[in-house]
Structure formats: C-alpha cells, structure tokens
Protein chains: 2
Amino acid sequence: MSENFTPDSSLQQQMETFEETCRTADLKLTHQRLEIYRELAKATDHPSAEMLHKRLQKTMPTLSLDTVYRTLTTFEQHHLVKKVQTVDSQARFEAQMVQHHHLICDSCKEIMDFHWNSFDSTPLPADIRQWGTIRNKNVTIHGTCQKCQALKKVKKRT
Amino acid sequence: MSENFTPDSSLQQQMETFEETCRTADLKLTHQRLEIYRELAKATDHPSAEMLHKRLQKTMPTLSLDTVYRTLTTFEQHHLVKKVQTVDSQARFEAQMVQHHHLICDSCKEIMDFHWNSFDSTPLPADIRQWGTIRNKNVTIHGTCQKCQALKKVKKRT
DNA sequence: GCTCACAGTAAGAATTATTCTTATTTGCAT
DNA sequence: ATGCAAATAAGAATAATTCTTACTGTGAGC
C-alpha cells in the first residue's frame, strides 16, 4: 500500500481532538456522541447513518436511528464530520477532515480516500477563480474496484 | 466570458442527436420525452426533477412528476443525461455529456459547468490507477458565487 | 457530592423525495 | 388505418430523513 492511501492520524488522537472541539463548541459529551463519532472515525468505508446505527446497536441496543441522524447533523455543523456526495439516495459520512479525494466503485458503492498533493497545489484556471470565493476543490473518481472486477470475471465464466 | 465556460453545441444539434439516440435505442419519441429533454438541455442550472416539472407544467399542465422522474431515469440508463451528485436531498440533472467539471455555490446551490483541459489530460498518480478500472475523474469546487457574496455584503450593512 | 436548568435522547409520527401499481393512452411497425 | 407493446397519469406506496413530545442525563454552580 503506497503513500497516497496512508491514514492521517491515530484514532486516539482523533478522539482527543473531538472532545476538545466539543468542549469549545459547548456540545455536551454524551455517550451517544462519543460512540457515534468513534464508530465513524474508525470506519474507512464512509458509512451511511443506517450503517452506523446497525453497527452501534450491537453495543448500544437502545440507540435510535434518529439520534444518529441528529448527531451527525450536529457534527457536520461543527465541522467534525462531512457528508459525502453520492448519486445514491442514502447520504454517506466521514470523519476525515484533512484534504483528500474519493474513489467510488460504481458496482459495490465503496468509497475510498486518497491523497493527491500535486493536484492540491495546482492553481485553478484564472477565469474560474473569478466565479467567486472558492472553499475547496475535490476530485471524485468513478470506476470499478479490483474486487468487483474479479467478481465480474467469475460471473462471466458461469 | 472566457473559453472555459463556452457551451459545446447548439440546442438544435443536441435535439437531433437525442432523437437519433432514441431511435437507435428503441425509445419511443413521445411528446413528454422530447419536452423533458429539451427543457433539461436548454437549462444551465442543473435542475432537479421537481424544478423541471414545474417549468414544463406551464406548457404541459397534465405532465406528472412521476413521468419526469421515470423519463430522467430512462435517459440516464441510455447515457442521455447524468445525475449530478450533491450533498442535498434532491437529485439534480444535466444533459451535458461532454467531459466537464462543476462549481457549486453552497449558498444558492447553483451548479455551474466549467472545462479544465489541462486537468483532464493529467494522468492520475500511479498507485491510484491500481485501485481498479477508472471510468472518469471529475473536479467539484465548492464556494460562494459572486452574486451571493454581493448579497452577503448588503445584509451585513443592514 | 448535590441540585437544577436545559441540552440531548428515544419512540413514534410526520415530511420529503422517489418509485410502484393500475388503468388508460400513444407511437409506430405493419 | 389497425394492433399492440411501450409509455403515461393519477394516486398509492416506500425509503430516507426530520419533527414532536415527554423523558433523561450532563455538567455548571454551589
């Protein structure tokens, strides 16, 4: 696995930053918030609210789906998580706030992060910069991941 | 307005290509399909199904919203239109199939096309290419358009 | 350590976007 | 022109997300 896929910080470190941000933002550190954030932070597959809820129910059986949605929305407002844009109906989320880009497999819908420093430092065409104030620029790559390609080949044979 | 924002083909030309594609794909050229496609093709704001429906109801009062959704889905399957990914709940559509990128205003939600040839011809980092088969790579820029910036300034003063 | 105000939660109802069902209509090959 | 498969309209149904309400737990101030 190469440089471009390396994660940016340890979970421990990320949890501390999270708690710090909550305190500063006057967000109460509830059990639910901590667990929802931890679950999202440790996930690499950009889960939907429903997926997170399903994973957390194992250890928190009374956790409601609504709380997951509400909490994610709160986190988003405080720039602790991001909603990932997809063409599918369910929204997907990530706790990775460091500049990065996405590889999306159109077959299994998996979303993977990658870094591309040379792109990040390339200036935009001059006339685009006149459009307004630019907040960020991101690359989204669509295709079929290795795993799904392999599956397709097997299916063809049978 | 500069090179990067130039449209790619006239509406007339685009309608002819559309009709040709429908005939080849055994899609009946119904009044609804023609009008929905024309409305989307002439739009530059990447409308949602609902927005298209509203615009078309003026001339086609009995057109159902379901037909708009169903027709757009059919078009998408035949690569006549594309669903544009946004973080918002309503899907947005475009008839522009030539390679291009998007500027999204987070304030008014307007989506604008732009071209960036030097990016299009830049190869991806080698290890990304190993992820699988890449179908396309697109840049999405988020920010605030000039219009909304101007509005914000007015609001601050009052 | 205790108390209390209020932010946060669970559960279920409500809303919004999209899709399905069914009866009717229409494009187009013959 | 005729027949028929495909497409449509209307309203019902579903899926994703958000709201309402009553209850609970956090953490600031004592």
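Quick note: structure is the one above.
A quick note: this is a predicted structure, and the numbers were derived from the prediction, not measured.

**Concerning the sheet that holds strand β3 (residues 101-105) of chain A**
- In space, the six strands of this open sheet follow the order β4(A)-β3(A)-β5(A)-β5(B)-β3(B)-β4(B), with mixed pairing throughout. Each edge of the open sheet carries a strand with a single partner, namely β4 (111-114) of chain A together with β4 (111-114) of chain B. Mean inter-strand twist for the sheet, computed between neighbouring axes without regard to direction, equals 25 degrees.

**Considerations on the packing of helix α2 (residues 31-42) of chain A against helix α3 (residues 49-57) of chain A**
Residue and element names in this part refer to chain A.
- One can describe the packing of α2 onto α3 by two numbers: an axis separation of 10 Å at closest approach and a directional angle of 110 degrees. As far as their axial angle goes, α3 and α2 are roughly perpendicular. Pair α2 / α3 crosses with right-handed handedness. Contacts between α2 and α3 pair E35, I36, E39 and L40 from the former with L52, R55 and L56 from the latter.

**Digging into the side chain of T74(A)**
All names here are of chain A.
- Here T74 is to be found in helix α4 (residues 65-77).
- For T74, a relative accessible area of 16% corresponds to the buried category.
- Beyond its immediate stretch of four places on either side in the chain, T74 contacts L27 and R33.

**Notes on the pairing of β3(A)**
All names here are of chain A.
- Counting buried residues in β3 gives five out of five residues, a clear majority hidden from the surface.
- Here β3 shows no split at all, with H101, L103 and C105 on one side and H102 and I104 on the other all buried.
- Of the strand pairs in this sheet, β3 and β4 are connected by four bridges, and their pairing is antiparallel. Residue pairing for β4: I104 is matched across the bridge by I111.
- What sits between β3 and β4 in their antiparallel hairpin is a turn of five residues, with K109 showing a positive phi close to 65 degrees.
- Pairing of β3 with strand β5 (residues 132-145), which is carried by four bridges, proceeds in the parallel orientation. For C105, the partnering residue across the bridge sits in β5 and is G143.

Parameters and conventions
Residues numbered from 1 in each chain as written. Chains lettered and ligands numbered in written order. Predicted model: local features only at pLDDT ≥ 70, side-chain atom pairs only at ≥ 80, totals over all residues. Heavy atoms only, no water. Pairing = 2+ DSSP bridges. Helix = DSSP H or I, 4+ residues; strand = E, 2+ residues; numbered from the N terminus. Axes fitted to C-alpha atoms, helices over the stretch in contact; angles between N-to-C directions. Parallel < 35°, antiparallel > 145°, perpendicular 65-115°, else oblique. Left-handed = near helix turned anticlockwise from the far one by under 90°. Contact = heavy atoms within 4.5 Å. Buried < 20%, exposed > 50% of the residue type's maximum accessible area, 1.4 Å probe, protein only.

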